[in-house]
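An overview of the molecular structure
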Amino acid sequence: MNENVFAAGSPVISLNQQPAAEGRDDAVPSSAAEAIAPSAEDSVHDVAIIGSGPAGYTAAIYTARANLKPIVFASSVAAGGDLMTTTEVENFPGFVDGIQGPELMSTMQQQAERFGADIRYEDVESVELAGELKRITVADGSVHWAKAVIVSTGSEYRKLGLEDEARLSGHGVSWCATCDGFFFKEKPIAVVGGGDSALEEALFLTTFASSVTIIHRRDSMRASEIMQRRALEHPKITFVWDSEVVGIEGAAQTEALQVRNVKSGLTQRLEVSGLFVAIGSDPRTELVKDQLELTAEGTIAVQGRSSKTSLPGVFAAGDVIDPTYRQAITAAVDQVVAFAADVHQGRVAPARGGLFTDVLIVGIGGSALGAQLAASALGQVGDPLAVHF
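Residues numbered from 1 in each chain as written. Predicted model: local features only at pLDDT ≥ 70, side-chain atom pairs only at ≥ 80, totals over all residues. Heavy atoms only, no water.

1. Some points on the sheet that holds strand β13 (residues 237-240)
Each strand in a sheet pairs with another by means of backbone hydrogen bonds, the pair being arranged parallel or else antiparallel. As summarised here, the arrangement of the 5 strands in space is β10-β17-β11-β12-β13, forming an open sheet in which the pairing is parallel. Looking at the sheet topology across the chains shown, the edges are occupied by β10 (173-174) and β13. Bridging between β10 and strand β17 (residues 274-277) involves 2 bridges; their strand directions are parallel. The partner of valine 173 across the bridge, within β17, is leucine 275. (Pairing = 2+ DSSP bridges. Helix = DSSP H or I, 4+ residues; strand = E, 2+ residues; numbered from the N terminus.)

2. A short note on the side chain of serine 243
Turning to its location among the elements, serine 243 is positioned in strand β14 (residues 243-249). Beyond its immediate sequence surroundings of up to four residues, serine 243 is in contact with Ile215, His216, Arg217, Val259, Arg260, Asn261 and Val262. (Contact = heavy atoms within 4.5 Å.)

3. Quick notes on the confidence of the model for the protein chain
Regions with low pLDDT carry predicted coordinates that are not meant to be interpreted in detail. With 72% of its residues at a pLDDT of 70 or more, the protein chain shows a mean pLDDT of 77. Low pLDDT, under 50, characterises residues 334-372; the stretch is placed with 93 contacts to residues that sit more than four places away or in other chains. Contacts of residues 377-389 to residues separated by more than four positions or lying in other chains number 56 contacts, the stretch itself having pLDDT below 50. (pLDDT = per-residue confidence, 0-100.)

4. Description of the side chain of glutamate 165
Along the chain, the position of glutamate 165 falls in the loop between β9 (155-157) and β10. As a buried residue without a salt bridge, glutamate 165 has its nearest oppositely charged side chain in lysine 159, at a separation of 6.4 Å. Polar contacts involving the side chain of glutamate 165 include one to the main-chain amide nitrogen of leucine 160, which spans 2.8 Å. (Buried < 20%, exposed > 50% of the residue type's maximum accessible area, 1.4 Å probe, protein only. Lys, Arg positive; Asp, Glu negative; His and termini not counted. Salt bridge = Lys/Arg side-chain N within 4 Å of Asp/Glu carboxyl O. Polar contact = N/O pair within 3.5 Å; in protein donor to acceptor, adjacent residues only side chain to side chain.)

What follows is the structure, given as structure tokens:
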């Protein structure tokens, strides 16, 4: 094998970040670099991953196989992400009979740990991302340093704030029609919301449900005209206007809703087997919103469809950059296509001798994004690498 080509999991890979070139936009002022520096006794990690879930664990798997010894801050209370509150997952490739959300996340975590990823159930309190080395402070006050950081903090669906909402999550209450709609075949369900996302959810759910009731707190929708027309004309969809859900009934499963008219104050009981909340989601960007460029939707801005953020050595993946799909599989694979396009269009320069690109990923699969992230991180150093699957 050529010395410039490493199979995934090669034991010798460097991640020493090159100094920013003078005059470049990503150059870090010397004062900033000097202000953020580890002490002699501090250890410096090659890669730190903030957040778990499909994107975080996939990144951990691939960076660990590349011998980068990633440290993963998975959170003390939300390790595994939103899939930890999902019941059966049937649309993640590789599981013929489906798999429980928590089991899928546990399996991905174990796979990452098998290759040496250091999973920490700790909450990151603050980060300092400017400069060659990144400073990460966790809840107990301890400080970690890393040459590259991958942010995979995900997003959080907006909740109704009802007492039984969390209790019945996964038992009739859901925030994802694509994930859970299949389980409501020939059953009455309700959707809360009035935007495009709510109507898209409702229209999708008509494939399974016996009826879909859209509950909206106003007398008009903010959704696009074409989406409104489709919903209003659909025989399975009815509307409850000027109303809000104020209660969810059910012991082990959702059985009915308490719906109050915001104008009259009258409350009615609506019998449903499922409630889909589609009032938006918020990317978890609190840690980095003052340091990384964000999009108009509030997600972390990346360069094209890559994982590179506005700061060198900082990458992002999963729902925190994706305001649209928010699927486990897209969190794991969506950016490998973009990197292949970079190679195809010649945006990745040849390595020494012109035989290899700086980073080449060959292959597809359920965890390709992790390889893309690892390769992007490795791309900071200029050492050529080809990962083959």
